[in-house]
Amino acid sequence: AIASLRAGTFCPFNSQATLFAYDAMWGLLLPCSVHGRVTDIWRSYLTQRLLWDLNLRVGFAAPWVVQQRNEHNNLADFNAEVPLYQQAGELVQALFRWEPRTGTVPGRLEELYVYMYELGILAASDVELAQAWIADLLPPRQPLPP
């Protein structure tokens, strides 16, 4: 069984054992300016917001993999995740407030990365990465569905 989220509902997800539909491959981009323990969670929020505009949804299923954890320091993990605890509420509220100005997937993806930079969530390097990602991956006029 798959649980699907309605538009307007956020649920963070990580990059482990995660599948993306072809129509959402643009959502694979991971921000580069934040810690590895944060990047996939930020991506999940940004991707979900753009999925709403495409009438696409996030679905969750039972796990199909087993993770063999390596040795790691839980305190170091927690410290790396501090931005999640400090900024997630602000990020989600900003995504609810965001009113896109462009009518294409590439335009909105770039616009959203610029918005996150303006809010101090992401760095300029993420905007540059998103622009390069768009140039390499997306057709320039990929329209949004009616």
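Refer to the structure presented above.
Now for a description of the structure that goes with this document. (Residues numbered from 1 in each chain as written. Predicted model: local features only at pLDDT ≥ 70, side-chain atom pairs only at ≥ 80, totals over all residues. Heavy atoms only, no water.)

## Quick notes on the side chain of D77
Next up, step 1: Within the secondary structure, D77 is located in helix α2 (residues 74-80).
Next up, step 2: If near-sequence neighbours (up to four positions away) are discounted, D77 is found in contact with R37, R69 and H72. (Helix = DSSP H or I, 4+ residues; strand = E, 2+ residues; numbered from the N terminus. Contact = heavy atoms within 4.5 Å.)

## Examining the packing of helix α4 (residues 105-118) against helix α5 (residues 124-137)
Angle between the axes and distance between the axes are the two parameters that describe a pair of packed helices.
Next up, step 1: The interhelical angle for the contact between α4 and α5, taken along N-to-C directions, is 175°, at an axis separation of 8 Å. In terms of axis orientation, α4 runs roughly antiparallel to α5. Only A124, D126, V127, A130, Q131, W133 and I134 of α5 make contact with α4, whose side of the interface consists of P106, L109, E110, Y113, V114 and Y117.
Next up, step 2: The class makeup of the residues in the contact of α4 with α5 is 10 nonpolar, one polar and two charged. (Axes fitted to C-alpha atoms, helices over the stretch in contact; angles between N-to-C directions. Parallel < 35°, antiparallel > 145°, perpendicular 65-115°, else oblique. Nonpolar A, V, L, I, M, F, W, Y, C, P; charged D, E, K, R; others polar.)

## Some words on the environment of A132
Next up, step 1: Secondary-structure assignment places A132 in helix α5.
Next up, step 2: A sequence separation of 22 residues divides A132 from E110, and the C-alpha atoms of the two residues are 9.9 Å apart.

## A closer look at the layout of surface pockets
Picture a little ball the size of a water molecule; that probe, rolled over the atoms, points out where space is still empty.
Next up, step 1: Reported here for the largest pocket is a volume of approximately 680 Å³.
Next up, step 2: Around the largest pocket, the lining comprises 24 residues; the ones closest to its centre are A17, T18, L19, G59 and W64.
Next up, step 3: Mapped onto the lining of the largest pocket, the elements with two or more residues apiece are α1 (36-53) and β2 (59-61).
Next up, step 4: Its residues placed into classes, the lining of the largest pocket shows 17 nonpolar, six polar and one charged.
Next up, step 5: In this structure, the second largest pocket spans a volume of roughly 180 Å³.
Next up, step 6: No other element matches α1, which puts four residues into the lining of the second largest pocket. (1 Å grid on protein atoms, 1.4 Å probe; cavity = no way out; pocket = protein on both sides within 12 Å on 5 of 7 lines; lining within 4 Å. Points joined across faces, edges and corners; volume = space filled by probe spheres on them.)

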